[in-house]
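Chain by chain, the residues:
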Amino acid sequence: MRISVDPERCYGSGDCAYRVPAVFTVVDGFGAVQPGREDAGDDPAVREAVEGCPSQAITLAE
Ligand code: SF4
């Protein structure tokens, strides 16, 4: 599944990058998907990061 981070909702807690640094990073104070890892949404750790995002800014889509 494809991962996206909504910059309108993200407030830069960094939780996603802390949990799964291979997939998420923080750019200019906001969460972002590591380049080339946008299709890593089937990783269970990514799903946990989605559930753990305090602002529900991360979404998965087919
Ligand atoms: S966990 Fe959510 S709020 Fe925190 S940096 Fe990642 S996307 Fe943004």
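Everything here concerns the structure above.
Because the structure is predicted, anything quoted here is derived from the model rather than measured.

Caption draft 1: Quick peek at the environment of V27. Along the chain, the position of V27 falls in strand β2 (residues 24-27). Each C-alpha atom, one on V27 and one on R2, is 19 Å from the other, the two residues being 25 residues apart in sequence.

Caption draft 2: A look at helix α2 (residues 44-52). Taken together, the buried positions of α2 are occupied by V46, A49 and V50. For α2, the arc enclosing every buried residue in end-on projection is 105°, short of the 170-degree limit, so these residues lie on one face. α2 presents P44 and E51 as exposed residues on the side facing more than 90 degrees away from its buried surface. Where α2 is buried, its residues contact β1 (2-5), α1 (15-19), β2 and β4 (58-61).

Rules of the game
- Residues numbered from 1 in each chain as written.
- Predicted model: local features only at pLDDT ≥ 70, side-chain atom pairs only at ≥ 80, totals over all residues.
- Heavy atoms only, no water.
- Helix = DSSP H or I, 4+ residues; strand = E, 2+ residues; numbered from the N terminus.
- Buried < 20%, exposed > 50% of the residue type's maximum accessible area, 1.4 Å probe, protein only.
- Arc of directions from axis to C-beta.
- Contact = heavy atoms within 4.5 Å.

Taken by themselves, the reported measurements are silent on function.
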